[in-house]
Amino acid sequence: VKKIFEIALGIVTSVGGFLEIGSIVTAAQAGALFRFQLLWPIALGGLCVIFLVEMSGRLAAVSRHTIIDAMRERFGFRFFVLFAVATMLVMLLVLAAEIGGMAVALELATGLGFRWWAIPTALMVWLLIWGGTFGMIEKGTSLLGLVTLSFIVAVFKLGAPLGTAAAGLIPTLPTHDTSRYWFIVVSILGASITPYLFYFYSSGAVEDKWTTDDLPINRIVATLGMSFGSTISMAVLIAAAMIFQPQGISVDHYAQLPLLLAVPLGKIGFSLFLFSLGISCMGATLEAALELAYMLAQGFGWNWGEDERPRRATRFATAYTVTLLIAMLIIVAGINPLRLAILSMALTAATLPLAIGPFLVVMNDEQYLGRHRNGPIGNTVVIAVIALAFVLAVVTIPLEILGG
Amino acid sequence: MTPVFLTASLLTLACAADRTQQLRADRMTLGSWERTTTMIVRELDRGAIPRRYAARALDAVDEELTGFIREIPSRSYDAGTRREIIVEAARIAREARRAAASLDSPARTSAGDMLPSTSGEGT
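Residues numbered from 1 in each chain as written. Chains lettered and ligands numbered in written order. Predicted model: local features only at pLDDT ≥ 70, side-chain atom pairs only at ≥ 80, totals over all residues. Heavy atoms only, no water.

**Focus: the overall build of chain A**
Working step 1: Helix and strand counts for chain A come out as 18 helices and zero strands.
Working step 2: On C-alpha atoms alone, chain A measures out to a radius of gyration of 20 Å, which is about the 22 Å that the 2.2 N^0.38 rule sets for 404 residues.
Working step 3: A principal-axis box enclosing the C-alpha atoms of chain A has dimensions of 55 × 50 × 45 Å.
Working step 4: A burial count over chain A gives 60% of its 404 residues as buried. (Helix = DSSP H or I, 4+ residues; strand = E, 2+ residues; numbered from the N terminus. Rg over C-alpha atoms; globule rule 2.2 N^0.38 Å. Buried < 20%, exposed > 50% of the residue type's maximum accessible area, 1.4 Å probe, protein only.)

**Focus on the overall build of chain B**
Working step 1: Across its full length, chain B carries three helices and zero strands.
Working step 2: Starting at the N terminus and ending at the C terminus, chain B contains elements arranged as α-α-α.
Working step 3: Burial status across chain B gives 40% buried among its 123 residues.
Working step 4: Taking all contacts inside chain B whose residues are at least 6 apart in sequence as the whole, residues at least 24 apart take part in 67%. (Contact = heavy atoms within 4.5 Å.)

**Re the packing of aromatic side chains**
Each aromatic ring pair is specified by the distance between its two centres and by the angle formed by the two planes.
Residue and element names in this part refer to chain A.
Working step 1: All chains considered together, the criterion is met by 20 aromatic pairs over all chains.
Working step 2: Pairing phenylalanine 151 with phenylalanine 273 gives two aromatic rings, centres 6.2 Å apart and planes at 85°, and the pair type is edge-to-face. Residue phenylalanine 151 is found in helix α8 (residues 150-157), and its partner phenylalanine 273 is found in helix α13 (residues 259-300); the two are separated by 122 residues along the sequence. Accessibility assignment for this pair places phenylalanine 151 and phenylalanine 273 in one class, buried.
Working step 3: Three or more aromatic residues link up through ring pairs in this structure, and these residues are Phe75, Phe77, Phe79, Phe80, Phe83, Phe198, Tyr199, Phe300 and Phe359.
Working step 4: The aromatic ring of phenylalanine 75 is capped on one face by arginine 74, whose charged end is 5.3 Å from the ring centroid. (Phe/Tyr/Trp six-rings, centres within 6.5 Å; stacked < 30°, edge-to-face > 60°. Lys NZ or Arg CZ within 6 Å of the ring centre and 35° of its normal.)

**What about the confidence of the model for chain B?**
Residues and elements named next belong to chain B.
Working step 1: Across chain B, the average pLDDT comes to 78, with 69% of residues at or above 70.
Working step 2: Considering each helix and strand of chain B separately, the mean pLDDT is smallest for helix α1 (residues 2-45), with a value of 80, and largest for helix α2 (residues 51-71), with 92.
Working step 3: What the predictor reports for the complex is a pTM of 0.87 with an ipTM of 0.82. (pLDDT = per-residue confidence, 0-100.)

**Points about the environment of Trp304(A)**
Working step 1: Residue placement: Trp304(A) occurs in the loop between α13 and α14 (314-332).
Working step 2: The contact partners of Trp304(A), leaving out residues within four places of it in the chain, are Thr66(A), Ser203(A), Val206(A), Glu207(A), Tyr294(A), Ala297(A), Gln298(A), Ala313(A) and Phe316(A).

**Here we look at the pattern of salt bridges**
All names here are of chain B.
Working step 1: Per the stated rule, a full pass over the model turns up 15 salt bridges over all chains.
Working step 2: Residues aspartate 26 and arginine 75 are paired through a salt bridge, measuring 2.8 Å at the closest nitrogen-oxygen approach. Of this pair, aspartate 26 sits in helix α1 while arginine 75 sits in the loop between α2 and α3 (79-102); the two residues are 49 residues apart in sequence, bridging distant segments of the chain. One exposure class covers both aspartate 26 and arginine 75, and it is buried.
Working step 3: The salt bridge partner of glutamate 84 is arginine 27, with a shortest N-O separation of 2.7 Å. (Salt bridge = Lys/Arg side-chain N within 4 Å of Asp/Glu carboxyl O.)

**Considering the packing of helix α5 (residues 77-110) of chain A against α14(A)**
All names here are of chain A.
Working step 1: Where α5 meets α14, the closest approach of the two axes is 8 Å, and the angle between their N-to-C directions is 60°. The two elements α5 and α14 meet at a crossing, and its hand is right-handed. On the side of α5, the interface is formed by Leu92, Leu93, Leu95, Ala96, Ile99 and Gly100, while α14 contributes Thr323, Leu324, Ile326, Ala327, Met328, Ile330 and Ile331.
Working step 2: Its residues assigned to classes, the contact of α5 with α14 shows 11 nonpolar, two polar and no charged. (Axes fitted to C-alpha atoms, helices over the stretch in contact; angles between N-to-C directions. Left-handed = near helix turned anticlockwise from the far one by under 90°. Nonpolar A, V, L, I, M, F, W, Y, C, P; charged D, E, K, R; others polar.)

**Considering the interface of chain B and chain A**
Working step 1: Taken together, the contact pairs 24 residues of chain B with 26 residues of chain A.
Working step 2: Three residues, Met39(B), Tyr53(B) and Arg56(B), lead the burial of chain B against chain A; their summed loss comes to 29% of the area buried on that side.
Working step 3: Counting the contacts that link chain B with chain A gives two salt bridges.
Working step 4: Arg339(A) is the salt-bridge partner of Glu64(B), the closest N and O atoms lying 3.2 Å from each other.
Working step 5: Our enumeration of links across chain B and chain A arrives at 13 residue pairs in polar contact (both at pLDDT 80 or more).
Working step 6: Elements that contribute at least two residues to the side of chain B that touches chain A include exactly α1 and α2 of chain B.
Working step 7: If you tally residues by element for the side of chain B that touches chain A, the top one is α1(B), at 10 residues.
Working step 8: Residues of the side of chain B that touches chain A, tallied by class, amount to 10 nonpolar, four polar and 10 charged. (Buried area = accessible area lost by both parts, 1.4 Å probe. Polar contact = N/O pair within 3.5 Å; in protein donor to acceptor, adjacent residues only side chain to side chain.)

**Quick notes on the nonpolar core**
Residue and element names in this part refer to chain A.
Working step 1: The biggest cluster of nonpolar side chains holds 182 residues, and the ones touching the most others in it are Leu38, Ile193, Phe198, Phe244, Leu260 and Ile356.
Working step 2: Ranked by residue count, the leading element in this core is α13, at 23 residues.
Working step 3: Excluding residues that lie within four positions of it along the chain, isoleucine 356 makes contacts with Leu52, Ile193, Phe198, Val382 and Ile386. (Core = buried A, V, L, I, M, F, W, Y, C linked by side-chain atoms within 4.5 Å.)

**Here's the deal with helix α15 (residues 337-350) of chain A**
All names here are of chain A.
Working step 1: Compared with an ideal rise of 1.5 Å per residue, which puts 14 residues at 20 Å, α15 spans 20 Å between its outermost C-alpha atoms and is within 8% of the ideal.
Working step 2: Taken across its 14 residues, α15 has 10 buried, putting it largely inside the fold.
Working step 3: Between the side-chain oxygen at the start of α15 and the backbone nitrogen of leucine 338 there is a gap of 2.8 Å, and the oxygen is on asparagine 336. (Expected span 1.5 Å × (residues − 1).)

**Section: the packing of helix α2 (residues 21-34) of chain A against helix α10 (residues 178-192) of chain A**
Residues and elements named next belong to chain A.
Working step 1: Where α2 meets α10, the axes come as close as 9 Å, and the angle between the chain directions of the two elements is 155°. The orientation of α2 with respect to α10, classified from their angle, is roughly antiparallel. Between α2 and α10 the crossing geometry is left-handed. Residues Gly22, Ser23, Thr26, Gln29, Ala30, Leu33 and Phe34 of α2 form the contact with α10, whose participating residues are Arg180, Tyr181, Ile184, Ser187, Ile188 and Ala191.
Working step 2: Considered class by class, the residues forming the contact of α2 with α10 number seven nonpolar, five polar and one charged. (Parallel < 35°, antiparallel > 145°, perpendicular 65-115°, else oblique.)

**Quick look at the environment of Leu265(A)**
All names here are of chain A.
Working step 1: Examined against the element boundaries, leucine 265 turns out to sit in helix α13.
Working step 2: A relative accessible area of 21% means that leucine 265 is categorised as partly exposed.
Working step 3: Setting aside residues up to four positions removed in sequence, leucine 265 forms contacts with Ser150, Val153, Ala154, Lys157 and Leu272.

Listed below in structure tokens is the structure:
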């Protein structure tokens, strides 16, 4: 019974913690511009992240190493610095975008500009990390995040033709706005395969002291949790395809987003949207801020752990304090959270080879995983998706920035 | 001279194609904001969104179109096209502003009455 409960809780927290500003915005833009045609990158990203989350849990359970620990040990400190600078800069932008997402939810609820809300939201997250425990942060926000299931209700309320939509799971070439199409593919892949998600998962598994007995649970949670999570992203896309696409409306401003739930569900839908956006971004902010601190602490060999009292892990506590402060200042400076979210997701896709390549090497290293090393299927899927995301990112990001 | 002439012709054709594509994108942007305005007013009228949010969303339409108008002079359109797009963008922004302003007025019965119907539905 305990195992079933653990599995159920793991799946529920994965579902509730899947959505964040990047996945909401990219899915909404995709549905508004290309109807159901861009469901396939969500499915592809979801498949890739299932493998990556399972791998990160397996690494932690078998070797008792977090991903960062293992990469630093395997490739040395110099490599770690190069890796950390590139990935942490992008993660910092993602963190800022998530704080922006919370602030936008509050702006749309109160009318007060998002820049003003960036300060109290960042402070609230900081207090939660400072005083909270890992379990409370991971499970609490993810359970609240189940409110994002309202997007699935909306899809049924809108009477979406699910059979027609399913055709979007097969990749097809665009008939219009070609460069925009590929840029959205990149952003969707970046939003789905966010490295902090599985880095955080491995740190959590080490904090929870997983052993090889946890491997079956890890596999089930990764597969079902991430599959259901991707389904919610698909629901956002389908809702946008039903509401915006027939009217020829593209999603260019965050103020358009609440219509995704307000049109099918009325005022309750409007409130559910704001709650979904606020809670999902809060969960992502907590995870990203903690992961940035984990990276620094694990990389430099500091004492770390969310369950440790701040005075026993002072450098770890300073790390999340400073990263939250910098991310908050980016939003206070007035950078549009929607544009920041899209750009940070695309940049995430561009840095995936650096963020995931060394991890794959570790996952194939007998010294760390013994007989639990990666098989050919996991390696092939992850390498293929990362390569696709990287090539598309290199081509489309400059085009998007130059306005092509 | 032939290669120079060919290159110049190809460049002219490429620029014209780029201009046509840009014009199409700009017209789509304008249409998108006009229909967003209509949708917000319609959802407000049927009680699906609060007034405060509607006002913010209509302000957003105005903000975006103001930014859009600022970008038009840098486009390689002829003067007539440039003027036509700016006038159209200004009209939609004005309608959004007017609808937003009417939300503060107690006399308002339906902001939709103030908007021209664009696609035959809504107001």
